[in-house]
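Architecture and fold: a report
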2 protein chains.
Amino acid sequence: MAVTIYDVARVAKVGIGTVSRAINNSPQIRPETKKIVLHAIKELGYTPHAIAQGLARKKTGILAAIMPFYTGHFYHELLRGIMKTLSKYEYDLILYYVDRLEVKNNFLNRTLQERRCDGVLTFSMEISDEYAEKFSKSKVPLLIVDRAHDKIDCIQVKNEEGAFAATKHLIELGHKNIAMISGHKESAPSRERYRGYERAMQESGLTVTPDLFISADALDNPDLLQQNDGFNEHVGESAMKRLLQMDRKGITAIFAGSDILAIGAMKAIREAGLSIPKDYSIIGFDDIELASYLSLTTMQQPMYEIGCMAVERIMEKFEDKESPVRQVQLSPTLVERQTTAPL
Amino acid sequence: MAVTIYDVARVAKVGIGTVSRAINNSPQIRPETKKIVLHAIKELGYTPHAIAQGLARKKTGILAAIMPFYTGHFYHELLRGIMKTLSKYEYDLILYYVDRLEVKNNFLNRTLQERRCDGVLTFSMEISDEYAEKFSKSKVPLLIVDRAHDKIDCIQVKNEEGAFAATKHLIELGHKNIAMISGHKESAPSRERYRGYERAMQESGLTVTPDLFISADALDNPDLLQQNDGFNEHVGESAMKRLLQMDRKGITAIFAGSDILAIGAMKAIREAGLSIPKDYSIIGFDDIELASYLSLTTMQQPMYEIGCMAVERIMEKFEDKESPVRQVQLSPTLVERQTTAPL
DNA sequence: CTGAAAGCGCTAACAG
DNA sequence: CTGTTAGCGCTTTCAG
């Protein structure tokens, strides 16, 4: 059996309470005694048993992250920020991977009830009022990233503002017939980004006719919706093909609701023998890794930073459970590359 | 306070042992009694406390993964496989993120000593004999992915074989002057891939002269080595530039030790106004996500599958601690795309 | 300051 | 089959 606090106590000729004080930097211990204990600890190669500490302290030292994992880079960057920041604290991260949204609630229950962790971060997932309520009542802080709920702390990007800026960029380049390609129309980011697009158009006196907007669900192919709420390459490609077919309005620019959508659209454009940005200007949203390699102009979301902030914030909540709900919104920034050009 | 096993016992009018048997599917309980207990559990909304169970059972239900995290897609795919497989078991994953190799040992100690997890997976990291020894002696199974150690279980790809196949492919296309670009020469994958390259050349009666091989450390720029052992885009670009400069041998093809190296090299080639595969054929290794978007011919490593296998294997070790060391080697497969062409 | 003792919530061996 | 009891390894009063 591994060495326990009792072994240390015996060797140091003190009580286990004293050993505990020594390892926990308690002020209630005489420096000399502490030295003796520390020496015994080193001699025996003792390390406290994390689980046992957890039970006694009623805290686990674990943070849970529940992530949908289909879109690589976005979550990878988030994770990098999270891990980096977490390493400053003595905290471990348990990762829950959601591939079908239905399993999300299992994890919420798991984290909530089984007390495996001290707090949870969710990403890009709607939280029902029911769970929002449950978490508020419990002592497990919850922080929502990339979505919102008015009763819960969240961090997200200003989708509408970003979409507005993207569309504006196209307009300033001289484009007038600007189409938008989107994931599932009913998803939160879709709705918000659509609003930004619409507002930019209207403010410039441009009208958004229905045939200028194609969302994943309008494609009459349920399969396309499966992956990531319709924010996937296939949707981008199909939507663009349709735009290409029925374009009688002289569309010259596309605002894609995400980079991956934009990339699908680019593929369709090139396969049609057209070129970018000569025939079509196109702008994405997210700034995933691929975007820079494919020289896609896009709205950058500060993913790494969001990951850092999420951790900092939840650590704050660990300190002060009663800290009032805080909703943080960050602005995306335009990254101009080669897929947009003056008309 | 949350509801405990005692509350359930009281309500069900049984002892806590019986409650425990009910939740743990023990055969030693009468079906009717079990029904009563289960009913009380539902009524009270009881869920066992994972930490307390862990302490009593001497197992945590947690698997630790220690990963270097700089190269997105590779680890993302691995993680997908791991998470997918793990979800079949009642296991959670703690992720440790290594950005500097020096911190690796901290995590090894942490997992080894603090008993936060039942087993650990390491990725792309050399394990010293010292730690190999420590783990073998301990009851914490360790599984090494993407590296090898003869005393420890590991899963990796046949680097030499893959490099051989890659080089052979180039040779079959008619190329004779084939250069290789590599990460740090001393790293295990570099050495193994170099051997495959060399063997393919020799078997075809081609000679490998020193100026045909450029590794990250030969670039006289320590900064380039920092990231991922020299397997990064900058090294690919710099190495290719050098090749372009001093090429008096009529090199027509490049075998890059990794996709990201290949991508850097492609950039250098294009910036020199040359084209691929017209002027240079180039093949990578890994098949990261970018490779398909950039149409890079490469050797594919089955990352997702490796992740699955790693979990399956470590679960086996949980069952049978004495299971003898097993070393698994998988073959990479050639994925032909647009960057290689007949001479 | 320090030792003893009482939990933390659960599992498992032991009687019955 | 079931209740009781002794831990699992540590933290935290509570006396002294």
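Now for a description of the structure that goes with this document. (Residues numbered from 1 in each chain as written. Chains lettered and ligands numbered in written order. Predicted model: local features only at pLDDT ≥ 70, side-chain atom pairs only at ≥ 80, totals over all residues. Heavy atoms only, no water.)

1. What to know about the sheet that holds strand β12 (residues 333-335) of chain A
Residue and element names in this part refer to chain A. Short version of the rule: Being paired, for any two strands, means DSSP has found at least two bridges between them. Elements are defined by DSSP. Helices are runs of H or I of four residues or more, strands are runs of E of two residues or more, and each kind is numbered from the N terminus. Interaxial angles span 0 to 180 degrees and are taken between N-to-C directions of axes, which are lines fitted to C-alpha atoms, for helices over the stretch in contact. Working rule for contacts: check all heavy atoms of both residues, and any pair within 4.5 Å makes them a contact.
Read across the sheet, six strands follow the order β7-β6-β8-β9-β10-β12 without closing on themselves; strand pairing throughout is mixed. Where the open sheet ends on each side, the last strands, each with one partner, are β7 (213-215) and β12. Here the average twist between neighbouring strands, direction ignored, is 20°. Here strand β6 (residues 178-182) pairs with β7 via three bridges, running parallel. Along β7, the bridge assignment pairs M180 with F213. The strands touched by helix α9 (residues 188-203) within the sheet are β6, β7, β8 (253-256) and β9 (281-286), with β6 carrying the most contacts at an inclination of about 175°.

2. Observations regarding the side chain of S258 of chain A
All names here are of chain A. Convention followed: Buried, partly exposed and exposed residues are distinguished by accessible area as a fraction of the type maximum, computed with a 1.4 Å probe on protein chains only: under 20%, between the cut-offs, and over 50%, respectively.
Relative to the helices and strands, S258 resides in the loop between β8 and α12 (259-271). Residue S258 is classed as buried on the basis of its relative accessible area, which comes to 2%. Beyond its immediate chain neighbours, meaning those up to four positions away, S258 contacts F231, G284, F285 and D286.

3. Notes on the relation of the copies chain B and chain A
Under the convention used in this document: The copies are overlaid by a least-squares fit using only the C-alpha atoms of residues whose pLDDT is at least 70 in both copies.
The two copies are related by a screw motion: chain B maps onto chain A through a turn of 180° and a shift of 0.0 Å along the axis, at an RMSD of 0.1 Å. Here the transformation between the copies is reduced to the relation of a two-fold axis. Considering only C-alpha atoms, the residue of chain B closest to the rotation axis is I94 of chain B, which sits at 2.2 Å. Both copies contact each other with a shared surface, as 100% of the interface residues of chain B are interface residues in chain A too.

4. Observations concerning the protein's contact with DNA strand D
Note the following rule: In these notes, residues near a molecule or strand are those with any non-hydrogen atom within 4 Å of it. Identification of polar contacts relies on pairs of N or O atoms within 3.5 Å, with a donor-acceptor requirement for protein atoms, meaning one able to donate a hydrogen and the other able to accept it, and with residues adjacent in sequence counted only if both atoms are side-chain atoms. Three residue categories are used. Nonpolar comprises Ala, Val, Leu, Ile, Met, Phe, Trp, Tyr, Cys and Pro, charged comprises Asp, Glu, Lys and Arg, and polar comprises the others, including Gly.
The full set close to DNA strand D counts 31 residues, and I5 and Y46 of chain A together with T18, R21 and T33 of chain B are the nearest of them. Counted by atom, the contact set of DNA strand D within 4 Å of the protein is 62% sugar and phosphate. Separating a base oxygen of DNA strand D from a side-chain N or O atom of R21 of chain A is a distance of 3.2 Å. For DNA strand D, a base nitrogen lies 2.7 Å from a polar atom in the side chain of R21 of chain B. Of all the secondary structure elements, the ones that give two or more residues to the surface near DNA strand D are α1 (5-12), α2 (16-23) and α4 (50-57) of chain A together with α2 (16-23) and α4 (50-57) of chain B. The dominant element in the surface near DNA strand D, judged by the number of residues it contributes, is α2 of chain A, at five residues. Residues belonging to the surface near DNA strand D are distributed by class as follows: 13 nonpolar, twelve polar and six charged.

From the geometry alone we can't say anything about function, so treat these as descriptive.
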